[in-house]
Amino acid sequence: MGTRVVVLQVLRQKLNYVPNSTSIPVQFKTCKASNLPSSLSCRLLCSVSNLTPSLLQHNKRNSAELSLRSLLDMGFTEYQAEQLYDSVSRMKGGNAAKHVLSTLSVLFVLGLNPTTVHKLLDKCPELYTVKDVQLQQRITQLRHLGLVEGSLQRTVSHYPKILTVPMKSVKSVVQFLREKCLFTTQQVAEILRDSPAVVLEDLDQLEYKFQYVYFRMGVKQAEMVKCRLFRFSLDNVRCRHTFLERRGLYQTPDKKGQTTIINPKLDGILNVDEGTFTADVAQASPEEYDVFQKLLAREWKEEEFEHGSIESYSEDDEKEEEEEEDNEEEEETRGKSGYNKKKKK
């Protein structure tokens, strides 16, 4: 109900607000057309029709301007209005002030109240510069991807940055999850709802994380979605899994999906704090895990260095092979031309 009132206030302000600076001719205030001669009445009506487009244009231009009064009319408290106004004023380029009223209107129509909108914009100031048309298109896209009412509002409130991501980028991630990782449409919707930051993740890193958990840990898609895998970094997943593996508490399943021990569930590995993981799952002391993390980080750096050296070495080899092939071709060409000259003689 409160949101509906706010929306009505926004629309009323956009459509019916006439600034005090707009001057109204005196004759329109004191005279009635019915009391005037027909010729004069006609001239006045013509003058009104001529002024109307310019007045509307002036009104439209002023209604897009941001002010503390306009924010208060939308339902923000005085403190919230001052914060929003200051945030927009500090932003460079002028795009924020240009789009902010339209942006606020779209967020209110989405069903968010002023307090939620204030927190959302404080968390993600980039939203100030997003045009209302783009914002609406991105919200519509999320709906089409399976984020229903309630889930959509919670997702946007938790991770407002999702509304700053171009539709093309979101589509690429969704397509990757469906085609490369073979998640169902419903599972993709759950991933977007529970782990919205996935839309900004690098696709190569995303693929590596999925393949690591799927092949090295033997975890299927349903369990990945259930434990909200994509909320965790690849390093965090690898570190905890490797620690368990080297302590003999985790085995990679064979081709039939079988192991000689019972592996802990992915949810029990990731969705617990470090102390619980170390004591209950890995059955180790905090000191042991701390030392292991440092050694593993050093090990990864060495692997990256060796991998980089191998790549540069292979590139050098390719260049040398190409140069050798070019030299051989030149020698063959010279030999053939010399042979042809001798034959002519």
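Scroll up to find the structure this text is about.
Residues numbered from 1 in each chain as written. Predicted model: local features only at pLDDT ≥ 70, side-chain atom pairs only at ≥ 80, totals over all residues. Heavy atoms only, no water.

Enquirer: Please set out the overall build of the protein residue by residue, giving values where relevant.
Expert: Helix and strand counts for the protein stand at 17 helices and zero strands. Counting only residues that meet the buried cut, the protein has 33% of its 345 residues in that class. Here the analysis covers contacts within the protein between residues at least 6 apart in sequence; of these, 71% occur between residues at least 24 apart. Put simply, the protein shows about 22200 Å² of open surface, and 52% of that area lies on carbon and sulfur atoms. (Helix = DSSP H or I, 4+ residues; strand = E, 2+ residues; numbered from the N terminus. Buried < 20%, exposed > 50% of the residue type's maximum accessible area, 1.4 Å probe, protein only. Contact = heavy atoms within 4.5 Å. Areas by Shrake-Rupley, 256 points an atom, 1.4 Å probe, with all protein chains shown as cover.)

Enquirer: I'd like a rundown of the pattern of salt bridges, residues and numbers included.
Expert: Oppositely charged side chains can pair when the atoms bearing their charge come close. Applying the stated rule across the entire model yields nine salt bridges. Lys209 is paired through a salt bridge with Glu201; the nearest N and O atoms lie 3.0 Å apart. Residue Lys209 is classed as buried on the basis of its relative accessible area of 1%. Residue Asp290 pairs with Lys294 through a salt bridge whose shortest N-O separation is 3.6 Å. On the criterion of helical spacing, the pair formed by Asp290 and Lys294 is a turn pair, its members being four residues apart in helix H17 (residues 286-344). (Salt bridge = Lys/Arg side-chain N within 4 Å of Asp/Glu carboxyl O.)

Enquirer: So what's going on with the packing of helix H5 (residues 78-90) against helix H7 (residues 114-123)? Which residues, and what values?
Expert: At a closest axis distance of 11 Å, the pairing of H5 and H7 adopts a crossing angle of 30 degrees. Here H5 and H7 pass one another in a crossing that is left-handed. Seen from H5, the contacting residues are Gln80, Gln83 and Leu84; seen from H7, they are Pro114, Thr115, His118 and Leu121. (Axes fitted to C-alpha atoms, helices over the stretch in contact; angles between N-to-C directions. Left-handed = near helix turned anticlockwise from the far one by under 90°.)

Enquirer: Describe the packing of helix H14 (residues 234-246) against helix H16 (residues 274-281), with residues and values.
Expert: How two helices pack is summed up by the angle between their axes together with the distance between the axes. For the pair H14 and H16, the least separation of the axes is 12 Å and the interaxial angle reads 15 degrees. Relative to H16, the element H14 is oriented roughly parallel. In terms of crossing hand, the pair formed by H14 and H16 is right-handed. Packed against H14, whose contacting residues are Arg240, Phe243 and Leu244, the element H16 presents Glu274, Phe277 and Val281 at the interface. (Parallel < 35°, antiparallel > 145°, perpendicular 65-115°, else oblique.)

Enquirer: Pulling in residues and values, what's your account of H7?
Expert: Where H7 is concerned, the buried positions are Pro114, Val117, His118, Leu120 and Leu121. Seen end-on, H7 carries its buried residues on one side only, within an arc spanning 165 degrees. With respect to the buried face of H7, the exposed residues turned more than 90 degrees away are Lys119, Asp122 and Lys123. In this structure Asn113 caps H7, since a side-chain oxygen of it lies 3.2 Å from the backbone nitrogen of Thr115. (Arc of directions from axis to C-beta. Polar contact = N/O pair within 3.5 Å; in protein donor to acceptor, adjacent residues only side chain to side chain.)

Enquirer: Describe the packing of aromatic side chains, and please don't skip the residues or the numbers.
Expert: Following the criterion strictly, the structure yields 10 aromatic pairs and no others. Summarising the aromatic geometry, the rings of Tyr208 and Tyr212 are spaced 6.5 Å apart at their centres and angled 85 degrees between planes, so their arrangement reads as edge-to-face. Taken together, the positions of Tyr208 and Tyr212, both in helix H12 (residues 203-216) and four residues apart, correspond to about one turn of that helix. Of the residues examined, Tyr208 reaches a relative accessible area of 38% and is grouped as partly exposed. Judged by relative accessible area, Tyr212 falls into the buried class, the value being 7%. Residues Tyr214 and Phe215 carry aromatic rings whose centres are separated by 5.0 Å and whose planes lie at 80 degrees to one another, so their mutual orientation is edge-to-face. Site record: aromatic cluster; members linked through ring pairs are Phe183, Phe210, Tyr214, Phe215 and Phe230. (Phe/Tyr/Trp six-rings, centres within 6.5 Å; stacked < 30°, edge-to-face > 60°.)

Enquirer: So what's going on with the nonpolar core? Residues and values would help.
Expert: It is characteristic of soluble globular proteins that their nonpolar side chains tend to be buried jointly. Formed by 73 residues in total, the largest nonpolar core has its most connected members in Leu177 and Phe183. For this core, the element with the highest residue contribution is helix H6 (residues 95-109), accounting for six residues. The contacts of Leu177, once residues within four sequence positions are left out, are Leu182, Phe183, Val188, Ile191, Leu206 and Phe230. (Core = buried A, V, L, I, M, F, W, Y, C linked by side-chain atoms within 4.5 Å.)

Enquirer: With reference to specific residues and values, describe the environment of Asp290.
Expert: Overall, Asp290 belongs to the partly exposed group, its relative accessible area being 35%. Taking the C-alpha atoms as reference, Asp290 lies 9.8 Å from Thr278; in sequence the two are 12 residues apart.

Enquirer: I'd love a proper account of the environment of Ser87, names of residues and values included.
Expert: Within the secondary structure, Ser87 sits in helix H5. For Ser87, a relative accessible area of 22% puts it in the partly exposed group. Once the C-alpha coordinates of Ser87 and Leu121 are considered, the two residues, 34 residues apart in sequence, prove to be 9.3 Å apart. Of the polar contacts made by the side chain of Ser87, one reaches the backbone oxygen of Gln83; its length is 2.9 Å.

Enquirer: Any chance you could break down the side chain of Arg138 for me, citing the residues and the numbers?
Expert: Considering the arrangement of structural elements, one finds Arg138 in helix H8 (residues 132-144). Buried charged residue Arg138 carries no salt bridge. Nearest counter-charge: Glu126, at 10 Å. Among the polar contacts made by the side chain of Arg138, one reaches the main-chain carbonyl oxygen of Leu163 at a distance of 2.8 Å. A polar contact of 3.5 Å, which involves the side chain of Arg138, links it to the backbone oxygen of Thr164. (Lys, Arg positive; Asp, Glu negative; His and termini not counted.)

Enquirer: Go over unusual backbone geometry with me, naming the residues and quoting the values.
Expert: The phi angle at Arg228 is positive, at roughly 60 degrees, despite the residue not being glycine. Following the sequence through the fold, Arg228 ends up in the loop between helix H13 (221-226) and H14. One non-glycine residue, Gln283, adopts positive backbone phi at about 50 degrees. Mapped onto the fold, Gln283 is located in the loop between H16 and H17.

Honestly, it's all geometry; don't read function into it.
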